[in-house]
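Structural description and commentary
This is what each chain is made of:
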Amino acid sequence: QLQAFGGGWVQAGGSLRLSCAASERTFTMGWFRQAPGKEREFVAGMWWSVTYTFASDSVRGRFTISRDNAKNTVYLQMHNLNPEDTAVYYCASADGRAYRSADEYDYWGQGTLVTVSS
């Protein structure tokens, strides 16, 4: 079970941190987002046991994925947000090694809305 929270409203240039609490640890944790009228897209992911992280080109350098082992929680720290980042953000997990495709992920949390105003 995954629970994502931390979304909200922010002005362009601002920051937000999303959290995803997992009931159990899996190999891969990831963040995806879906903007109105658009398909779900990959944002960032990590392989938990080896701390390997990867991100989409659109957020690299602005967003950082990290973890808290003790809390089984994964974070998405977002800086320098712009209106194009407005979307519902979803956390997802995979039992095995997953990468950027949503099809590779087994479990999904509910979304949390991020709204960035100009």
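Residues numbered from 1 in each chain as written. Predicted model: local features only at pLDDT ≥ 70, side-chain atom pairs only at ≥ 80, totals over all residues. Heavy atoms only, no water.

1. Describing the packing of aromatic side chains
Stated precisely, the cut-off is as follows: Aromatic contacts are taken between Phe, Tyr and Trp rings whose centres are within 6.5 Å, Trp giving its six-membered ring; a plane angle under 30 degrees counts as stacked, one over 60 as edge-to-face, and the others as tilted. In this text, helices come from DSSP runs of H or I with a minimum length of four residues, and strands from runs of E with a minimum of two, each type numbered from the N-terminal end. A simple rule labels every residue: compare its accessible area, found with a 1.4 Å probe on the protein chains alone, to the largest value its type can have, and call it buried under 20%, exposed over 50%, or partly exposed in between. For a Lys NZ or an Arg CZ to count as sitting over a ring, it must be within 6 Å of the ring centre and within 35 degrees of the ring normal.
Counted under the stated rule, the structure contains 10 aromatic pairs. Centroid distance F32 to F42: 5.6 Å. Interplanar angle 75 degrees. Geometry classified as edge-to-face. Of this pair, F32 sits in strand 4 (residues 28-34) while F42 sits in strand 5 (residues 41-47), and the two are 10 residues apart along the sequence. Residue classification places F42 among the buried residues on the basis of a relative accessible area of 8%. Between F42 and F54 the ring centres are 5.6 Å apart and the planes differ by 20 degrees, which places this aromatic pair in the stacked class. Of this pair, F42 sits in strand 5 while F54 sits in strand 6 (residues 52-55), and the two are 12 residues apart along the sequence. The pair F42 / F54 is uniform in exposure class, with both members buried. Taken together, F27, F32, F42, W47, Y52, F54, Y99, Y105 and W108 form an aromatic cluster joined through their ring pairs. Stacked on the ring of Y75, the Lys or Arg R17 has its end atom at 4.1 Å from the ring centre. A cation over a ring is seen here: R40 above W108, with NZ or CZ 4.7 Å from the ring centre.

2. Examining the side chain of T86
Convention followed: In protein, a polar contact means a hydrogen-donor-capable atom and an acceptor-capable atom, both N or O and within 3.5 Å, with residues adjacent in sequence counting only if both atoms are side-chain atoms; elsewhere, any N or O pair within 3.5 Å suffices.
Within the secondary structure, T86 sits in the loop between strand 8 (73-78) and strand 9 (87-94). A distance of 3.0 Å separates a polar side-chain atom of T86 from the backbone oxygen of P83. Of note is the side chain of T86, whose polar atom sits 2.9 Å from the backbone nitrogen of V116.

3. Some thoughts on the side chain of T73
This is how it is decided: By the convention used here, residues are in contact when the closest approach between their heavy atoms is within 4.5 Å.
With respect to the helices and strands, T73 occurs in strand 8. Judged by its relative accessible area of 7%, T73 is buried. Here K71 takes part through its backbone oxygen, which lies 2.9 Å from a polar atom of the side chain of T73. When near neighbours in sequence (up to four residues on either side) are disregarded, T73 contacts S19, C20, A21, W48, S66, R67 and D68.

4. Some remarks on the sheet that holds strand 7 (residues 63-68)
What counts here: Two strands qualify as a pair provided that DSSP identifies no fewer than 2 bridges between them. Orientation is described by lines fitted to C-alpha atoms, with helices fitted over the stretch in contact, and by angles between N-to-C directions that extend from 0 to 180 degrees.
Overall, antiparallel pairing links the four strands, which are arranged 1-3-8-7 in an open sheet. Two strands bound the open sheet, and with one partner strand each, they are strand 1 (2-5) and strand 7. Mean inter-strand twist for the sheet, computed between neighbouring axes without regard to direction, equals 15 degrees.

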